[in-house]
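A structural walkthrough
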Amino acid sequence: MTHDQPAGGIRIFASWRTWADAEPTVSSTLGPDDASVLRRAYRFAESWHGDQRRPAGEPYPTHLLEALEVLLVGTGERRAMPLAAALLHDVVEDTPCSLSEVTEQFGPAVAELVEHLTKPEPATGQTAQQARQAYLDRLAAAPPDAIAVKLADRYSTTQRLHTHPRPAKQRTYYAETVESIIPLADGFPFFHNLFAAWRRHYAYLTAQPAM
């Protein structure tokens, strides 16, 4: 299914499963220098994420390519910095990669975006859920580029929310997205419309599960 083929009324970004799928569009849309940066960012992220899998079982790099596709194809973003951050947004949070390594390879501007997108470990006296909520709350004050990458990240994570293997997690993700992520889209018309359709499509998840 391509990004132009809706699934039940929502737009799906899933054209690229590997870098070989993405590269023709990346290369034809961006200049050679920026395309090279994205190729390096993908390889860097791929090497760190290794054999990690997403909840529905797909290889982790597939999620990174979906986030990139949302920005490059969906929003029309053409700057290498946020596009590279889309590929790198989870390397510090979900792998042993350090922020200094991202800075060394891709510069401080990309690393700053990755830092905004990295959920910190719970502080002393904080539960994991409290730390997660504090991170989501802080996103409202993040730079616009960081917010755009987060919106692309969340859309990739939830565009096929019904495939998550845990129904309870589907409802949790829906509620959290409505409460903490969708408000971030107010300044981004593309994301505002994208998530409005998504919210309607998955509104059934607000219903209580049968006992």
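Refer to the structure presented above.
To keep things clear, this report deals only with the structure shown in the data block. Worth saying up front: this structure is predicted, and the values here are computed from it rather than measured. (Residues numbered from 1 in each chain as written. Predicted model: local features only at pLDDT ≥ 70, side-chain atom pairs only at ≥ 80, totals over all residues. Heavy atoms only, no water.)

Another point: the overall build of the protein chain. Each helix and strand counted, the protein chain has 11 helices and zero strands in total. For the protein chain, the α and β elements follow one another from N to C terminus as α-α-α-α-α-α-α-α-α-α-α. By the compact-globule yardstick of 17 Å for 211 residues, the protein chain fits well, its C-alpha radius of gyration being 17 Å. Overall, the protein chain is about 55 × 45 × 35 Å in size when its C-alpha atoms are taken along their principal axes. Accessible surface, the protein chain as shown: approximately 10100 Å² in total, 53% of it carbon and sulfur. Each charge class in the protein chain can be summarised by its mean position, and for the 20 positive and 25 negative side chains these summaries are 7 Å apart. (Helix = DSSP H or I, 4+ residues; strand = E, 2+ residues; numbered from the N terminus. Rg over C-alpha atoms; globule rule 2.2 N^0.38 Å. Areas by Shrake-Rupley, 256 points an atom, 1.4 Å probe, with all protein chains shown as cover. Lys, Arg positive; Asp, Glu negative; His and termini not counted. Charge placed at Lys NZ, Arg CZ, Asp CG, Glu CD.)

The next subject is the side chain of T177. Mapped onto the elements of the fold, T177 is located in helix α10 (residues 167-181). Under the relative-accessibility criterion, T177 is labelled buried at 0%. Here the side chain of T177 touches Y173 through a polar contact of 2.7 Å, landing on its backbone oxygen. Once residues within four sequence positions are removed from consideration, T177 is found in contact with R154, T158, I182, P183, F195 and W198. (Buried < 20%, exposed > 50% of the residue type's maximum accessible area, 1.4 Å probe, protein only. Polar contact = N/O pair within 3.5 Å; in protein donor to acceptor, adjacent residues only side chain to side chain. Contact = heavy atoms within 4.5 Å.)

Turning our attention to the packing of aromatic side chains. What the rule picks out here adds up to 13 aromatic pairs. Ring geometry for Y202 against Y204: centres 6.0 Å apart, planes inclined by 45°, an arrangement best described as tilted. Assessed through its relative accessible area of 47%, Y204 is described here as partly exposed. Within the aromatic cluster, the residues linked to one another by ring pairs are F13, Y155, Y174, F188, F190, F191, F195, W198, Y202 and Y204. Its guanidinium or amino end placed over the ring of Y60, R54 lies 5.1 Å from that ring's centre, counting from NZ or CZ. If you follow K169 out to its NZ or CZ, it ends over the ring of Y173, 5.0 Å from the centre. (Phe/Tyr/Trp six-rings, centres within 6.5 Å; stacked < 30°, edge-to-face > 60°. Lys NZ or Arg CZ within 6 Å of the ring centre and 35° of its normal.)

Looking now at the pattern of salt bridges. This model, assessed by the stated rule, comprises 10 salt bridges. Each of R17, E66 and R160 takes part in one network of salt bridges that share partners. (Salt bridge = Lys/Arg side-chain N within 4 Å of Asp/Glu carboxyl O.)

Spatial relationships are all this shows, so hold off on functional conclusions.
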